[in-house]
Amino acid sequence: MSNKYALKPDELKKEFEQKKPRLLKGEFGGKDWWDLPVEFRDGNWCFPAKPEVLDELHFANPRKWAATDKDWQLPAGWEKTIRDGMKDRLKRFRSFKVFMDSCVRCGACADKCHFFLGTGDPKNMPVLRAELVRSVYRNDFTGLAKILKDFSGSRTLTQDVIKEWHMYFHQCTECRRCSVFCPMGIDTAEITMMVRELLNLIGVNNNWILAPVANCNRTGNHLGIEPHTFEQNIMSLVDDIEDVTGVKVNPTFNRKGAEILFITPSGDVFADPGVYTMMGYLLLFHHIGLDYTISTYASEGGNFGMFTSNEMMKKINAKMYHEAKRLGVKWILGGECGHMWRVVHQYMNTMNGPADFLKEPVSPITGTKFTNAKTTKMVHIAEFTADLIKHGKLKLDPTRNDHLRTTFHDSCNVARGMGMFEEPRYVLNKVCNVFHEMPENTIKEQTFCCGSGSGLNAEEFMDTRMRGGFPRASAVAHVREKHKVDSLVTICAIDRASLPALMRYWNPGVTVYGLHELVGNALIMQGEKKRTEDLRENPMAGFGEGDDDE
Ligand code: SF4
Ligand code: SF4
């Protein structure tokens, strides 16, 4: 794979063997960790938000700048803005204060972060990442600096500190793997969320996060697609489905009085390979005769507000519920997404909920009550489909996925954010015959991040992404070597966007799939033509070149 923002794998190997200091080997060139310089270079920083994006969002300090600039053109009085912002957040978010105070430096989290494992940079140990902000907290918000002087581990807020925050709180994907191992329950992801909020107050930001936020704010989805184009794109997928299966599915849009509103990440509507997952949903809904509609206004399940600020997360989340109310549906069915579900599962109820104007979700096909969604009124597609299969409501032919040898990547936000481990595996094992788990300490609650989550999937960030994704890629390599796995299945739109690049880099030949794409392959549809190709128009087993036709 070639990309001007990433070393080639063999160059990375050479760096490991030769270059000094060898961070990858845990050697810091005789320096203490806090003296290691912050060096922005090609591949390790994301382009800042464009001035027009900030103007649109009414965010602070629109200007043209780059992380490699000496002077970041911070606004006058920026120190006070950060201190006041911290003070306000320490008061409003008790978790932030607890996380600042309660680390006992046991080190249990130190080697749990994929960015530390992939870069060897000590500031990527979760404990030290948090220390970058704790040191300022100690200086400005506790008496420790005065009492303990040099021993307090405190420091003054300077532009260099801001540069360090920008680098290391954008080398955290808010994945929460470290929190699983912390005996004090410290969630470094929430510290990262707070620091990114603070940085946004002075215009230190990332275009790959804020451009989608602005688009979502304006049109309802990350890509800024207008309603008519959104609908047209789905209708072109309807044509593709007919070409492959001979079945014409019939989604409806903005239909008042439908029983269910279906919301998925816009990546499923526009991006390869997400579109195949969308085709799978459409086939499934047609197969069971679901009374559903798709909104061209709440046309995004993802919520990049989560990587920006609590206020923005709340605003973007609200759109889905307003639309459900306007259309008069009973409940919401949500597609395969990571951070959408973290927001719904962990934050929605206190931000915008409970959604009492909707009904407690009940599957119209099986009668199952989703009591876990009693307050959010939103059901995950994996549990919805698992329930359908459990009740024998789907006609499936898993041999239609016999051309694939699969493993499953647990998406951080769905696995650790909502504890969903078994439902996708249950579905996957019913729709395909070859499935192998990656090693135990890399799946389910301990899953490794793709390395590009939380809005870091930018092209120009490729070097850090490929290093940060190395632990996940290694686990895939393991099942590839042992079981000849060639297909990585996932239930997150960011994973579907980021893992293909990671696989091309570390595991060429491994292809990324959404779970419902495989469901769509396996469904035996009424009135279908003879199925010889999967939804990507690749030949199914027995129908390829040289295979004997049945
Ligand atoms: S939340 Fe994830 S990315 Fe962030 S420090 Fe913890 S393990 Fe690393
Ligand atoms: S595991 Fe928790 S308490 Fe221990 S060093 Fe890490 S953040 Fe601190």
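Residues numbered from 1 in each chain as written. Chains lettered and ligands numbered in written order. Predicted model: local features only at pLDDT ≥ 70, side-chain atom pairs only at ≥ 80, totals over all residues. Heavy atoms only, no water.

- By the naming in an unreviewed UniProt entry, the protein goes by Menaquinol oxidoreductase and is assigned to Chlorobaculum limnaeum.

## Some points on the packing of aromatic side chains
- Counted according to the given criterion, the structure contains 16 aromatic pairs.
- Where Trp33 meets Trp34, the ring centres are 5.8 Å apart and the plane angle is 85°; that geometry is what we call edge-to-face.
- Since its relative accessible area comes to 52%, Trp34 is described here as exposed.
- Here Phe40 and Trp72 contribute two aromatic rings whose centre-to-centre distance is 5.7 Å and whose plane-to-plane angle is 55°, an arrangement assigned as tilted. Remark: Trp72 occurs in the loop between helix H2 (51–57) and helix H3 (78–92) and Phe40 occurs in the loop between helix H1 (9–18) and H2; sequence separation between them is 32 residues. Each of the two residues, Phe40 as well as Trp72, counts as buried. (Phe/Tyr/Trp six-rings, centres within 6.5 Å; stacked < 30°, edge-to-face > 60°. Buried < 20%, exposed > 50% of the residue type's maximum accessible area, 1.4 Å probe, protein only. Helix = DSSP H or I, 4+ residues; strand = E, 2+ residues; numbered from the N terminus.)

## With respect to the environment of Ala108
- Here Ala108 lies in the loop between helix H4 (94–101) and helix H5 (114–119).
- Taking relative accessible area as the criterion, Ala108 reaches 26% and is therefore assigned partly exposed.
- Remark: the alpha-carbon pair of Ala108 and Pro183, spanning 75 residues in sequence, is separated by 7.9 Å.
- For Ala108, the contacting residues outside a window of four places in its chain are Phe181 and Pro183. (Contact = heavy atoms within 4.5 Å.)

## Some points on the sheet that holds strand S7 (residues 511–514)
- Spatially, the 3 strands line up as an open sheet ordered S5-S6-S7, and their pairing is parallel. Single-partner strands in this sheet number two, and they are strand S5 (406–409) and S7. In this sheet, neighbouring strand axes are inclined to one another by 35° on average, regardless of whether the strands run parallel or antiparallel.
- The sheet contact formed by S5 and strand S6 (residues 487–490) spans 4 bridges and is parallel. The residue bridging His409 from the neighbouring strand is Thr490, located in S6.
- Its contacts with the sheet place helix H23 (residues 515–522) against S5, S6 and S7, and it is angled at close to 75° to S7. (Pairing = 2+ DSSP bridges. Axes fitted to C-alpha atoms, helices over the stretch in contact; angles between N-to-C directions.)

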